[in-house]
Amino acid sequence: MTTDLLSSITASLVDGDPDLPVSRTKAALRAGIEPLAIVERALVPGMRIVGERFSAGEYFLPNLIVSANGMKRAMAIIEPELGARHQTRELAGTVVIGTVKGDIHEIGKSLVATMLSANGFEVHDLGVDVAVEKFVSTVKQTNATVVGLSALLTTTMNVQKKVIEALAAEGLRDRVKVMVGGAPVNDRWAKEIGADGYAEDAVGAVDLALRLRPGR
Ligand code: HCB
C-alpha cells in the first residue's frame, strides 16, 4: 500500500499530470506515510527521472516546467507537516541560504531551507538568482554562522566560488562556514573552491549544518 502510493506519486510527476501529484501526496499523508518519505522516496525520484529524460532529449522544457510545478505544489502541502514533526525549541544556529546568481532552480534549495528550519535553525532564505553581494550583506546583518549555496547549472557553480572569495575579502570567512549543494556539485568541487562542506540532499545538509556549528 505504502509502496503503491509512493510509486503513484512518482508516476504522476513523471507523466506531467497537473493535479495528481497533489491529490496523491494528500492521500499518502492521510495514510500516515511520513512526509520525509514522500519527499525522498516519491517526489525526488520523480524529478530525477524527469531530468534524465530531459538530458536524453525525450522530454523538453515544458515537461520540466509542468513536473516542477507539480513538485512545488506537493511540497507546499508537505512543508508544514515537516515543520510540525521536528519542532525543537533550542536555536541550532543561523543560516543564510539561496540559489546563486544566474540560476533559478528553487525546489532543492527550498527543501533544504525547510528542513533546516524544522531542525531548529533560524533560516534566511534569499530565494533564487541571488547576487554575491546579497549573500555577503545578509551574513553581516544576521550574524549567520552558516551559508548554504545552491547551484544546479554547471555554468553557475563558479558563483559559489565567487561568494566564498567575497566573504573572505570582507573578512567574514573566519566566522561563517559555507556549505554547497546542487545536482552538478560534489565533494571534490567543494574542496576545490574552499567550501567547508558539500551536502547531497536536505537530510545531509541538516547534518552538515549541525557539524559546522561553532565549537564543533
Ligand atoms: Co533545469 N536543469 N534548467 N529547470 N532542471 C537541470 C538542473 C538539468 C541537470 C537537466 C538536464 O539537463 N539533465 C540541467 C542542468 C545541466 C547542467 O548545467 N549540468 C538543467 C537546465 C539545462 C536548465 C535550463 C538551462 C533549461 C533551458 O532553459 N534550456 C533552465 C535554466 C534556467 C536558469 O536557472 N537560469 C532550466 C530551468 C528549469 C525549470 C525552471 C523548468 C525547473 C526549475 C523550477 C523551479 O525550481 N521552480 C527545472 C528543473 C525542475 C530541473 C530538474 C529536472 C530538477 C531539479 C530539481 O528540482 N530537483 C533538473 C534535473 C536534475 O537536477 N537532475 C534540471 C529536485 C531537488 C529536490 O533536488 O538537486 O535541486 P536538487 O536539490 C537537492 C540537493 O542537490 C541538495 O539538497 C536538495 C534537496 O534534497 N542541495 C543542497 C541543493 N542545494 C543545496 C544547497 C546546500 O547548501 C546544500 C544542499
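Residues numbered from 1 in each chain as written. Predicted model: local features only at pLDDT ≥ 70, side-chain atom pairs only at ≥ 80, totals over all residues. Heavy atoms only, no water.

Comments concerning the coordination of the cobalt atom of the ligand
Working step 1: For the cobalt atom of the ligand, the protein supplies a single donor, His105 (NE2), at a distance of 2.2 Å.
Working step 2: Its place among the elements puts His105 in the loop between strand 1 (93-99) and helix 5 (107-118). (Donors = N, O, S within 2.8 Å, 3.2 Å for Na, K, Ca; no water. Helix = DSSP H or I, 4+ residues; strand = E, 2+ residues; numbered from the N terminus.)

A few points about the site of the ligand
Working step 1: Close contacts around the ligand come from 34 residues, with Ser55, Ile104, His105, Glu106 and Ser150 the closest.
Working step 2: Ile104 is positioned such that a nitrogen or oxygen atom in its backbone is 2.8 Å from an oxygen atom of the ligand.
Working step 3: Comparing atom positions with the cavity grids shows the ligand to sit within the largest pocket.
Working step 4: If you list the elements that add at least two residues to the shell around the ligand, you get helix 3 (35-55), helix 4 (61-85), helix 5, strand 3 (146-150) and strand 4 (177-181).
Working step 5: Grouping the amino acids of the shell around the ligand by side-chain chemistry returns 19 nonpolar, 10 polar and five charged.
Working step 6: Each of domain 1 (2-84) and domain 2 (93-211) gives at least three residues to the shell around the ligand. (Near = heavy atom within 4 Å. Polar contact = N/O pair within 3.5 Å; in protein donor to acceptor, adjacent residues only side chain to side chain. 1 Å grid on protein atoms, 1.4 Å probe; cavity = no way out; pocket = protein on both sides within 12 Å on 5 of 7 lines; lining within 4 Å. Sits in = over half its atoms within 2 Å of the grid points. Nonpolar A, V, L, I, M, F, W, Y, C, P; charged D, E, K, R; others polar. Domains from an automatic or database assignment.)

Re the domain arrangement of the protein chain
Working step 1: Domain annotation of the protein chain identifies domain 1 (2-84) and domain 2 (93-211).
Working step 2: Look at where the C-alpha atoms of domain 1 and domain 2 centre, and you get two points 25 Å apart.
Working step 3: Contact with domain 1, which involves 10 residues of that partner, is made by nine residues of domain 2.
Working step 4: In total, about 770 Å² of surface goes out of reach between domain 1 and domain 2, with carbon and sulfur atoms giving 78% of it.
Working step 5: Broken down residue by residue, the surface that domain 1 buries against domain 2 is led by Lys72, Glu79 and Leu82, which jointly contribute 43%.
Working step 6: Between the two partners, domain 1 and domain 2, sit one salt bridge.
Working step 7: Of the charged contacts in the structure, one is a salt bridge between Lys72 and Glu106, with a shortest N-O distance of 2.7 Å.
Working step 8: In this assembly, domain 1 and domain 2 are joined by two residue pairs in polar contact (both at pLDDT 80 or more).
Working step 9: Put simply, the parts of the chain that give the side of domain 1 that touches domain 2 at least two residues each are helix 3 and helix 4. (Contact = heavy atoms within 4.5 Å. Buried area = accessible area lost by both parts, 1.4 Å probe. Salt bridge = Lys/Arg side-chain N within 4 Å of Asp/Glu carboxyl O.)

Re the packing of helix 4 against helix 5
When two helices pack together, their arrangement is captured by the angle between the axes and the distance separating the axes.
Working step 1: Packing of helix 4 against helix 5 brings their axes to within 10 Å, and their N-to-C directions diverge by 5 degrees. Considering the angle they form, helix 4 stands roughly parallel to helix 5. Contacts from Ala68, Met71, Lys72, Met75, Glu79, Leu82 and Gly83 in helix 4 reach Ile107, Ser110, Leu111, Thr114, Met115 and Ala118 in helix 5.
Working step 2: Grouping the constituent residues of the contact of helix 4 with helix 5 by class yields eight nonpolar, three polar and two charged. (Axes fitted to C-alpha atoms, helices over the stretch in contact; angles between N-to-C directions. Parallel < 35°, antiparallel > 145°, perpendicular 65-115°, else oblique.)

Observations regarding helix 2 (residues 20-30)
Working step 1: Burial in helix 2 covers these residues: Pro21, Val22, Thr25, Ala28 and Leu29. Take helix 2 and look down its axis: the buried residues cluster within an arc of 125 degrees, on one side only.
Working step 2: Packing partners of the buried residues in helix 2 comprise helix 1 (2-14), helix 3 and helix 4.
Working step 3: One or two residues past the end of helix 2 sits Gly32, with phi positive at roughly 90 degrees. (Buried < 20%, exposed > 50% of the residue type's maximum accessible area, 1.4 Å probe, protein only. Arc of directions from axis to C-beta.)

Quick word on the nonpolar core
Working step 1: Within the largest apolar cluster, 37 residues are counted, with the highest numbers of intra-cluster contacts made by Ile33, Ile38, Leu43, Leu111, Val112, Leu116 and Met179.
Working step 2: Those elements giving two or more residues to this core turn out to be helix 1, helix 2, helix 3, helix 4, strand 1, helix 5 and helix 9 (202-211).
Working step 3: Here this core gathers at least three residues from each of two domains, domain 1 (2-84) and domain 2 (93-211).
Working step 4: For Val112, the residues in contact, after removing those within four places along its chain, are Ile97, Met179, Ala202 and Ala205.
Working step 5: Counting 26 residues, the second-largest nonpolar core is a separate cluster that includes Val136, Val159, Ala166 and Leu172. (Core = buried A, V, L, I, M, F, W, Y, C linked by side-chain atoms within 4.5 Å.)

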